[in-house]
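Here is how the chains run, residue by residue.
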Amino acid sequence: MANGFIIIFSHILPLILGFFSILLIINGIMDEQKHIAALGIGLFLLAAIGPFFILPFFI
């Protein structure tokens with residue numbers, strides 16, 4: 001059961017969050033809306049660093 005959660009939090013969720021964060025960054029820069037670009041950067045950092053904080057609870 002834990003193996004499914006490990007795959008979700010280590011491979012699938014960061015991929016989805018990273019994809020949407022890149023879209024937010026591009027959209028924020030193109031429309032000159034800094035708060036959307038900042039939200040994209042924050043989401044990207046969450047996608048990159050999040051698994052290191054979540055996965056130790058499953059191992």
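We now turn to the structure provided with this report. The structure presented is a predicted model; accordingly, all values stated were derived computationally and were not measured.

The rules behind each value
Residues numbered from 1 in each chain as written. Predicted model: local features only at pLDDT ≥ 70, side-chain atom pairs only at ≥ 80, totals over all residues. Heavy atoms only, no water. Helix = DSSP H or I, 4+ residues; strand = E, 2+ residues; numbered from the N terminus. Expected span 1.5 Å × (residues − 1). Bend = angle between axes of the 7 residues up to and from the residue. Contact = heavy atoms within 4.5 Å. Phe/Tyr/Trp six-rings, centres within 6.5 Å; stacked < 30°, edge-to-face > 60°. Buried < 20%, exposed > 50% of the residue type's maximum accessible area, 1.4 Å probe, protein only.

Glancing now at helix α2 (residues 34-54). In a regular helix each residue adds 1.5 Å, so 21 residues correspond to 30 Å; α2 covers 29 Å between its end C-alpha atoms and thus fits that length. The sharpest bend along α2 measures roughly 40 degrees and falls at A48, with the proline P51 sitting one to four residues further on. Structurally, α2 contributes buried residues whose contacts are with α1 (2-30).

Our focus in this paragraph is the packing of aromatic side chains. How two aromatic rings sit relative to each other is given by the distance of their centres and the angle of their planes. Tallying each qualifying case throughout the model produces one aromatic pair. Judged by centre distance (5.5 Å) and plane angle (70 degrees), the ring pair of F19 and F20 falls under edge-to-face.

Note on placement: L15 falls in helix α1. For L15 and A38, which are 23 residues apart along the polypeptide, the C-alpha to C-alpha distance reads 19 Å.

Here we come to α1. Here α1 contains 29 residues, and its C-alpha end-to-end distance of 41 Å stays within 8% of the 42 Å for a straight helix at 1.5 Å per residue. The largest bend in α1 is about 40 degrees, located at I8. Of all the residues in α1, the buried ones are P14, G18, S21, I25 and G28. Against α2 lie the buried residues of α1.

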